[in-house]
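Structural features, examined
Below, each chain spelled out in residue letters.
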Amino acid sequence: MAELTVSELAKVVDAPIDRLLRQMRAAGLPHESAEQVVNDEDKQKLLVYLKGLHGEEAQEPRKITLRRKTVSTLKVGAGKRTVNVEVRKKRTYVKKDEVAEDATAPAKVLAEPPVVVKPRPEPTVIMDPEAKRIAAIEARRRAEEQRAAEAAEKRQREEPAVEAVSVAEVAVAVPGEPPLGDGKGGRKRDKREAEPGEAEDDKPKKKKPLKGQRKQRGESSLEALVDEGDEDRKPRLQSARPAVSAPNIHVFQKPVGKIVREVEIPEQIVVADLAQKLAVKVNVVIRELMKMGTMATINQSIDRDTAALVVEELGHKAVLVASREVAVEEELREKLAIATAEALPRAPVVTVMGHVDHGKTSLLDYIRKTRVASGEAGGITQHIGAYHVDTPGGSVTFLDTPGHAAFTAMRARGAKATDVVILVVAADDGVMPQTKEAIEHARAAGVPLVVAINKIDKPGANPDQVLNELAGLEVVPEEWGGDTQCVRVSAHTGEGIEALLEAILLQAEVLELKAPVEVPARGVVIEARLDRARGVVATLLVQAGTLRQGDFILAGESIGKVRAMIGDAGAAVDEVGPSMPVEVLGLDVPPQAGDEFYVTSDERKAREIVQLRQARAREERVARLQAAKLENVFAGFEGKARKVLPIVIKADVRGSLEALVAALNDFATDEVGVNIVSSGIGGLTESDIHLAVTTGAVVMGFNVRADAATRRLAEAEGVEIRYYSVIYNLLDDVKQALSGMLAPEVREEIVGIAEVREVFRSPKFGQVAGCLVVEGALHRNKPIRVLRDNVVIFSGELESLRRFKDDVSEVRAGTECGVGVKGYNDVRPGDQIEVYEVKQIARQL
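Remember, predicted model here, so these are calculated numbers, not experimental data.

For the chain, the count of helices and strands is 21 helices and 39 strands. Relative to its 845 residues, the chain shows a buried fraction of 42%. Taking as baseline every contact in the chain between residues at least 6 positions apart, the subset at least 24 positions apart corresponds to 70%.

Okay, here's the thing in structure tokens:
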């Protein structure tokens, strides 16, 4: 048995430590503290001492005697009489040392001869030959059993029958432990428990041990030993040894109240995982989600807020934890924040915003002395352009944003990445919807606003009217006592351009713009596209630090090493500092416009972040698709399935693609919608055509084209490819297609009313109503209604329409006619017959 310390032994025997130490010292053991170890030999000594206190034999048991009795039946004689056969066996086991001392007294096995218990006296019966044969067989069987028992006894004598001292026996030696077991002073013997030295084959079947057997084995009773070491106390009555020394207490306790769990919820969690954390079935969680109006399956992910509501509804506590992605990103940002350097003045980043065709790009062209606007499709800017301009007062970085309504997200990104916003308003057009939106973006980003009133050289220009409209939007010019600089300019003649640059530099000087230079670069992605010759090309705006060729950058879901950098003038550069735009080559996939980028030396950590971001993006896409499928399913249950126009769309740059996708999704209604099967940047490929064939989608390219192999495949598969260079045309075509998918509006128009004057019976036509057409005209092939007291009582069609004896197709107002109503024979005088036609009117989005 494993060794125990004195304190552990005291817990087992349920006795105080100091009392146990006193008894151990009295037994001659050297233990003085509760931390000393007690081995089996020490336990044996303690047990012998405690037995001696109660007058019991202090010696260890040397001899064990076992008795066994078996009873069987035997049928003999011609009448098959039954006789009882009783076999008694006795075994004695002795230690080897005792056998060596007394060789003349070896252990013996006394096998008593079988005793035949005869039944009640009966007349003497002579055994027939069959009975004699059965008795001989039984005698041989008993002889074989005796020989087998002697062989087993011989094997057992060769092994010492030493009884080990267990903790339970020490426990019985210390008082204070209540007897356990069946509650009757005895311990039930396990069916699998064998007596020491007993052969497995000799164990009795379903027989209780013989009376007094425990005493012969040398086992002592717990209840008969000393308490507190008092020798004057009389020994208590002996009882059987308990089965175990541990208290008879149930370990499991039934909970009396509801268990409130603290459930950790990341940003996204699968429904099955949430149910496992709550220790409930999945259908319970799905039912709670349906109560909140969320249709989710077992493998669908739900957001953190929804999961927290479910946890609270089920009576538990939600603990919001950061996801692995957030933790890794925070760790990376902490490493980047350690690198510090002296902040130096930097150039301002200025975003030009305004309504479409108000002259934003033309204004920049005059400043840069270039002709960008003439190269734009339709003269409309359709992606963000970044330019760095050196002026006599200093350097300025301009971001030219689109003015079309579809590019709201691009204007919002431009406002967030800028220091000053130039609001361009045409003097002949005034404040327009995108002008108001630009003002809201500037206020949301918290950046100052400089108003440039353009086209003042045009005959219909009215700058004062523009100032009044701006004042109505709480943009008050300085000349009116406000805080907004308003400059009158002309991109055509150059009037006011110098004043505008001075206003920008003055505003930048007030802001005191600074940024560290000698640190790893970080900034924002302005634009990204896929070039067939150069690969992924990303336009970056460095906001802090210095970006060098060969740096490893992390931008959204893309990573890579900078292979080449091209400035806004088209020349290659080796490094760029803060407030400088640059085109970068070397990323693996095009990043999203507006993503932040970092230069890091820990490539392993960067790749881990990218993998986590990509996994989250996939989960979001699957969740959106699943939600769309569920919406269609429920719409089908309601009998009005939503019609969807599948589209495969490709664009030249990431910003334009985002604007197109957002604008197309805005067309969605309860009846029709757009399903963007695939979207991306770069030219159209054969995989796009295969996808369009599978899904029945329309292929659209915005400023991109398909190669010869792709065109041949499209012709062979009958797939139409539409090319666009102006966003207006693409949106108009999609809107027109969705309008054609709308169910037409049904309208009813009354074309004639006839009054019933008399009713006749005809053997050929049945009931015929003699009518006078009082309004419009009656038509035979159009539906009718029968009205009585201005209440519709029947709807159907005419069976016959006659003028005198002739069948006619039309009877005009003021003319009498005979009318037969099909399937209705209850027309009465005074009723009205109303003829109407159904018109279907095409609907528009």
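Those residues of helix H19 (residues 686-695) that sit buried are Asp688, Ile689 and Ala692. Looking straight down H19, one finds that the buried residues subtend no more than 100° of arc, so they occupy a single side. Check the buried side of H19 and you find it contacts strand E28 (643-651), strand E29 (672-681), strand E30 (698-702), helix H20 (708-717) and strand E31 (721-724). In the stretch just after H19, Gly696 is the one whose phi turns positive, near 70°.

The next subject is the environment of Leu423. Position of Leu423 among the secondary structure elements: in strand E15 (residues 420-426). Looking at Leu423, the relative accessible area reads 0%, which means it is buried. Sequence separation between Leu423 and Thr435 is twelve residues, and the spatial gap between their C-alpha atoms is 7.5 Å.

A few words now on the packing of aromatic side chains. Tallying each qualifying case throughout the model produces one aromatic pair. With 4.7 Å between their ring centres and 15° between their planes, Phe794 and Tyr824 make a pair best called stacked. Placement of the pair is Phe794 in strand E35 (residues 791-803) and Tyr824 in the loop between strand E38 (816-821) and strand E39 (832-841), with a sequence separation of 30 residues. Stacked on the ring of Tyr836, the Lys or Arg Arg785 has its end atom at 3.9 Å from the ring centre.

Moving on, we get to the pairing of E35. Relative to E35, strand E34 (residues 783-788) is paired through six bridges, and the arrangement is antiparallel. Following the sheet pairing, Arg788 is matched in E35 by Val791. Following E34, the chain reverses through two residues before pairing antiparallel with E35; Asp789 in that reversal takes a positive phi of roughly 60°. Inspection of the sheet shows E35 paired to strand E36 (residues 806-807) by two bridges, in the antiparallel sense.

A word on the pattern of salt bridges. Enumeration over the complete set of coordinates arrives at 29 salt bridges. Asp40 serves as the salt-bridge partner of Lys43, at 3.7 Å between the closest nitrogen and oxygen. One end of the pair is Lys43 and the other is Asp40, both in helix H3 (residues 40-53) and three residues apart, which spans about a single turn. Here Lys43 falls in the buried class, since its relative accessible area comes to 1%. Between Arg548 and Glu518 there is a salt bridge, with its nearest N and O atoms 3.6 Å apart. Residue Arg548 is located in strand E21 (residues 547-548), and its partner Glu518 is located in the loop between strand E18 (514-516) and strand E19 (522-531); the two are separated by 30 residues in the primary sequence. It is possible to trace a salt-bridge network through shared partners that takes in Glu749, Lys782, Glu837 and Lys839.

Our next topic: helix H21 (residues 727-741). If you check H21, its first and last C-alpha atoms are 22 Å apart, about what 15 residues at 1.5 Å a residue would give, namely 21 Å. Along H21, the positions that sit buried rather than exposed are Ile727, Leu730, Leu731, Val734, Leu738, Ser739 and Met741. Looking down the long axis of H21, one finds its buried residues gathered within 165° of arc, a one-sided arrangement. Turned more than 90 degrees away from the buried face of H21, the exposed residues are Gln736 and Gly740. Check the buried side of H21 and you find it contacts E28, helix H18 (654-665), E29, E30 and E31.

When two helices pack together, their arrangement is given by the angle between the helix axes and by the axis-to-axis distance. It is the contact of helix H1 (residues 6-13) with helix H2 (residues 17-26), at a shortest axis distance of 9 Å, that shows an interaxial angle of 110°. Relative to H2, H1 is oriented roughly perpendicular. On H2, the residues touching Val6, Ser7, Leu9 and Ala10 of H1 are Ile17, Leu20, Leu21 and Met24. Its residues placed into classes, the contact of H1 with H2 shows seven nonpolar, one polar and no charged.

A few words now on the environment of Pro266. Considering the arrangement of structural elements, one finds Pro266 in the loop between strand E7 (262-265) and strand E8 (268-270). Separated by 37 residues in sequence, Pro266 and Asp303 have C-alpha atoms that sit 8.4 Å apart. Discounting chain neighbours no more than four positions away, the residues touching Pro266 are Lys277, Arg304 and Val321.

Here we come to unusual backbone geometry. If you check the backbone angles, Asn790 has positive phi at about 65° while not being a glycine. Examined against the element boundaries, Asn790 turns out to sit in the loop between E34 and E35.

Right, let's talk about the sheet that holds E30 for a bit. Across the sheet, four strands lie side by side as E29-E28-E30-E31; this open sheet has parallel pairing. Taken across any chain shown, the strands that pair with only one partner, and hence form the sheet edges, are E29 and E31. With strand direction ignored, the average angle separating the axes of adjacent strands in the sheet is 25°.

Closest axis-to-axis distance for the H2/H3 pair is 9 Å, and the angle between their directions is 90°. On the basis of the axis angle, H2 is roughly perpendicular to H3. From H2, Leu20, Gln23, Met24 and Ala26 reach across to H3, where they touch Leu46, Tyr49 and Leu50. Classifying every residue of the contact of H2 with H3 by side-chain character gives six nonpolar, one polar and no charged.

All right, on to the confidence of the model for the chain then. Across the chain, the average pLDDT comes to 76, with 75% of residues at or above 70. Low confidence marks residues 98-126, where pLDDT is under 50. Its contacts with residues over four positions away, or in another chain, come to 30 contacts.

Below, the discussion takes up the environment of Glu583. Looking at the secondary structure, you find Glu583 in strand E26 (residues 580-587). Taking C-alpha positions, Glu583 is 9.8 Å from Ala386, a pair spaced 197 residues apart along the chain. Setting aside anything within four residues of it in sequence, one finds Glu583 in contact with Arg529, Arg534, Val537, Ala538, Thr539, Ala564, Met565 and Ile566. A distance of 3.4 Å separates a polar atom in the side chain of Glu583 from a polar atom in the side chain of Arg529.

On to the state of the cysteines. In this structure the tally under the stated criterion is zero disulfides. With no disulfide of its own, Cys771 lies closest to Cys817 among cysteine sulfurs, the gap being 5.4 Å.

Conventions adopted
Residues numbered from 1 in each chain as written. Predicted model: local features only at pLDDT ≥ 70, side-chain atom pairs only at ≥ 80, totals over all residues. Heavy atoms only, no water. Helix = DSSP H or I, 4+ residues; strand = E, 2+ residues; numbered from the N terminus. Buried < 20%, exposed > 50% of the residue type's maximum accessible area, 1.4 Å probe, protein only. Contact = heavy atoms within 4.5 Å. Arc of directions from axis to C-beta. Phe/Tyr/Trp six-rings, centres within 6.5 Å; stacked < 30°, edge-to-face > 60°. Lys NZ or Arg CZ within 6 Å of the ring centre and 35° of its normal. Pairing = 2+ DSSP bridges. Salt bridge = Lys/Arg side-chain N within 4 Å of Asp/Glu carboxyl O. Expected span 1.5 Å × (residues − 1). Axes fitted to C-alpha atoms, helices over the stretch in contact; angles between N-to-C directions. Parallel < 35°, antiparallel > 145°, perpendicular 65-115°, else oblique. Nonpolar A, V, L, I, M, F, W, Y, C, P; charged D, E, K, R; others polar. pLDDT = per-residue confidence, 0-100. Polar contact = N/O pair within 3.5 Å; in protein donor to acceptor, adjacent residues only side chain to side chain. Disulfide = S-S within 2.5 Å.

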